[in-house]
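Summary of the model geometry
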Amino acid sequence: MVCVRTPYVCMPSLVSETQFAKPKLMSFQFNPLHGSSFSRIHQKTSSKSKLFTTISSSPSSVPTVKPEPELEVDSQGEKFDWYAQWYPIMLVCDLDKRVPHGKRVMGLDIVLWWDRNENTWKVFGDACPHRLAPLSEGRIDQWGRLQCVYHGWCFNGSGDCKFIPQAPPDGPPVHTFKKACVAVYPSTVHHDIVWFWPNSDPQYKDIITRKQPPTIPELDDPSFIKLTGCRDIPYGYEILIENLMDPAHVAYAHYGIIRTRPPEVKADREGGCPVELSVKKLSIDGFLGDQDQYGTNKFIAPCVSYAYSSPVIDKGEGIVSSDGTEKPPSRQQKAVLVFFCIPVSPGRSRLIWVFPQNFGIWIFKVFPRFLTHLGVNMVVDSDLYLLHLEERKIMDIGLANWQKACFVPTKSDAFVVGFRRWLKKYAGGQVDWRGKYSGALPRTPPREELMDRYWSHVVSCRSCSAAYNRFNALEVVLQFASLASIGIATATKQNVKVMVAVAVLCFAGSKWLAHFIYKNFHYHDYNHALH
């Protein structure tokens, strides 16, 4: 099993480890990345105040841990506007141009559809102005318009109503009234992801010319292959980001699934050890974090957690030029983790992952995408339930009391503390839902429903849904072959033993395949006590 190397861990995949050289990303220094939209953090010239990387809420029975002053925080009185940001919706590769797609982001119900008249993806409010029926349940008609299937109203790419079947042709043109229009959100395709601006006011129509989504250089580099996927998560945005910024939990919560770098001295079975994390810069745009010699993490507010490393020089053979001299190899191997964490609603979030790497490219070009999703989904599931319950405990004590309730005395929590500081200082302490919700979290369903993969991933992933359909079809074929073999043996009375053996094998194969489908596309539990 080969690993997609990261600054913290090895992500599982299903390719032989000996097929290509891998960069050793766990034993060298990292260089700061220039040219990204995050560089504004380094250019702030306003007054700074020193804060601590870690915090302690020590009760009287616990000795006070003296934190180390490391973190520079921009003290300028800026306030983060949650509705003046670009938000990712879906990977383009998972979208079907034939149908509209309904999603929820920042508490807004939106519909994403392909406007073939303008050759672009459009994002509308997911409500027909007639009776508020969801347009995501509609269709795209023969003229390329989005049609509501409740009463047939049709809308063009600008949100204008072009046809109301119930309006008499010789009557007033009610379809031209402003109230007949659909809310249209600015949208763009960036890094092969559809993004939208969550404000339909016409003044933001050309917002893309003034502000762009955050740029990750490796995602625009054609020398990198990108392993991508998306999943809906049954816990909130804050918990999702914290979890992805916390390398210390990997050895324990994902034991036996993700391989971590073993310490020189193992203090326990899992090999947990001190993790030297520090947050160097923090501003309204996010923060820059450093994991000693292992990696660099950037939080680009509000959605991006970006972990990267310096490239490793490939030690392959040099190239002999035409003049007979040998040129040293110049290939640099690099792997990156990019997580897009999307606020959906209280207790709900969405994760889009993109893992760029510039080595082993030919393997992953022929490697089925759905197989990599099986591994990533197992990682997500192995700590999903405990994070769902953790969020409820935090909500019980109140978001404002997080620092008092959580004891975080070590540097391994520096990124989580940095995020909480950013959230409190600039962003109001939580996502601004603009009064859409009471603040209560959704109910906790049975474990099997909570961790269901089908509705949270498979139905919206073209690779996994195709594989799911193929496996189900194969299961039916095996069941039919089993019955057919018995029928042939009974009717012909020839080769009875052979036909019965074929029937048994086909039946056993169908049962095994049914178990495989359920475990990989529906529900795969993870019992930490037994691992």
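Residues numbered from 1 in each chain as written. Predicted model: local features only at pLDDT ≥ 70, side-chain atom pairs only at ≥ 80, totals over all residues. Heavy atoms only, no water.

Let's talk about the overall build of the chain
- From N to C terminus, the chain includes nine helices and 27 strands.
- The buried share of the chain, taken over its 531 residues, is 51%.
- Considering only contacts in the chain between residues 6 or more positions apart, those separated by 24 or more positions represent 69%.
- Approximately 25700 Å² of the chain is accessible, and the part contributed by carbon and sulfur atoms is 56%. (Helix = DSSP H or I, 4+ residues; strand = E, 2+ residues; numbered from the N terminus. Buried < 20%, exposed > 50% of the residue type's maximum accessible area, 1.4 Å probe, protein only. Contact = heavy atoms within 4.5 Å. Areas by Shrake-Rupley, 256 points an atom, 1.4 Å probe, with all protein chains shown as cover.)

As for the state of the cysteines
- In this structure the tally under the stated criterion is zero disulfides.
- Cys-93 takes part in no disulfide bond, and the closest cysteine sulfur to it belongs to Cys-461, at a distance of 7.4 Å.
- With no disulfide of its own, Cys-303 lies 7.5 Å from the sulfur of Cys-341, the closest cysteine sulfur.
- Classification of Cys-303 as buried rests on a relative accessible area of 2%. (Disulfide = S-S within 2.5 Å.)

Structural notes on the pattern of salt bridges
- On inspection of all chains with the given rule, the structure shows 16 salt bridges.
- The salt bridge involving Asp-232 is made with Arg-350; its shortest N-O contact spans 2.6 Å. Here Asp-232 is found in strand S16 (residues 225-233), whereas its partner Arg-350 is found in strand S27 (residues 348-357), with 118 residues between them in sequence.
- By relative accessible area, Arg-350 is classed as buried at 3%.
- In this structure, the salt-bridge partner of Arg-269 is Glu-270, at a minimum N-O distance of 2.9 Å. (Salt bridge = Lys/Arg side-chain N within 4 Å of Asp/Glu carboxyl O.)

What to know about the packing of helix H4 (residues 369-397) against helix H8 (residues 462-492)
- Where H4 contacts H8, the two axes come as close as 8 Å, and the packing angle between them is 100°. By the angle class used here, H4 and H8 are roughly perpendicular. Here Arg-369, Phe-370 and His-373 of H4 lie close against H8, whose contacting residues are Ser-463, Cys-464, Ala-467 and Phe-471.
- Residues that form the contact of H4 with H8 fall into these classes: four nonpolar, two polar and one charged. (Axes fitted to C-alpha atoms, helices over the stretch in contact; angles between N-to-C directions. Parallel < 35°, antiparallel > 145°, perpendicular 65-115°, else oblique. Nonpolar A, V, L, I, M, F, W, Y, C, P; charged D, E, K, R; others polar.)

Remarks on the sheet that holds strand S14 (residues 187-190)
- Strands sit in the order S5-S15-S14 across an open sheet of three strands; the sheet is antiparallel. Each having just a single partner strand, strand S5 (87-91) and S14 make up the two edges of the open sheet. Sheet twist, expressed as the average angle between the axes of neighbouring strands with direction ignored, equals 30°.
- The pairing of S5 with strand S15 (residues 193-196) spans four bridges and is antiparallel. From the neighbouring strand, Met-90 faces S15, where its bridge partner is Val-194. (Pairing = 2+ DSSP bridges.)

Digging into the nonpolar core
- With 87 residues, the main nonpolar core has Trp-82 and Trp-422 as its most contacted residues.
- It is helix H6 (residues 414-426) that provides the largest number of residues to this core, a total of eight residues.
- What Trp-422 contacts, discounting residues up to four positions off in sequence, is Phe-80, Trp-82, Tyr-237, Leu-282, Ser-283, Ile-284, Asp-285, Gly-286, Phe-299, Ala-301 and Ala-427. (Core = buried A, V, L, I, M, F, W, Y, C linked by side-chain atoms within 4.5 Å.)

A word on the sheet that holds strand S7 (residues 108-115)
- Taking strand neighbours across the sheet as the criterion, the four strands line up as S6-S7-S8-S13 in an open arrangement whose pairing is antiparallel. In the strand order of this sheet, the two ends are held by strand S6 (101-105) and strand S13 (184-185), each with one partner.
- Relative to S7, S6 is paired through five bridges, and the arrangement is antiparallel. In the strand pairing of S7, Arg-104 is matched with Asp-109.

Section: the packing of helix H1 (residues 237-244) against H6
- Two elements in contact, H1 and H6, have axes separated by 9 Å at closest approach and are oriented at 145°. In the packing of H1 onto H6, the handedness of the crossing is right-handed. For the pair formed by H1 and H6, the contact residues are Tyr-237, Glu-238, Ile-239, Ile-241 and Glu-242 on the first element and Val-416, Phe-419, Arg-420, Trp-422 and Leu-423 on the second.
- Looking at the contact of H1 with H6 residue by residue, the classes come out as seven nonpolar, no polar and three charged. (Left-handed = near helix turned anticlockwise from the far one by under 90°.)

Examining H1
- Across the eight residues of H1, eight count as buried, placing the element largely inside the fold.
- Among all positions of H1, only Tyr-237, Glu-238, Ile-239, Leu-240, Ile-241, Glu-242, Asn-243 and Leu-244 are buried.

Side note on H6
- Over its 13 residues, H6 extends 18 Å from the first C-alpha to the last, a length consistent with the 18 Å expected when each residue adds 1.5 Å.
- Judged by how many residues are buried, H6 sits mostly within the fold: eleven of 13 residues are covered.
- For H6, the set of buried residues is Ala-414, Phe-415, Val-416, Val-417, Gly-418, Phe-419, Arg-420, Arg-421, Trp-422, Leu-423 and Tyr-426.
- Count one or two residues on from H6 and you reach Gly-428, which has phi positive near 75°. (Expected span 1.5 Å × (residues − 1).)

Remarks on the pairing of strand S26 (residues 337-345)
- Where burial is concerned, most of S26 is hidden: nine out of the nine residues are buried.
- Across four bridges, strand S21 (residues 304-308) lies against S26 in antiparallel orientation. When the sheet's bridge partners are listed, Ala-307 is paired in S26 with Leu-337.
- Here S26 folds back onto S27, and the loop between the two strands holds two residues, one of which, Gly-347, carries a positive phi near 80°.

Things to note about the environment of Leu-91
- Mapped onto the elements of the fold, Leu-91 is located in strand S5.
- Take Leu-91: its relative accessible area is 3%, and that puts it in the buried class.
- Here the alpha-carbon distance between Leu-91 and His-191, two residues 100 residues apart in the chain, equals 8.8 Å.
- Non-local contacts of Leu-91, meaning those with residues more than four positions away in its chain, are made with Asp-192, Ile-193, Thr-228, Gly-229, Cys-230, Ile-352 and Arg-369.

Considerations on the confidence of the model for the chain
- The pLDDT averaged across the chain works out to 84; a share of 81% of its residues lies at or above 70.
- Low pLDDT, under 50, characterises residues 312-322; the predicted model gives this stretch 24 contacts beyond four residues in sequence or across chains. (pLDDT = per-residue confidence, 0-100.)

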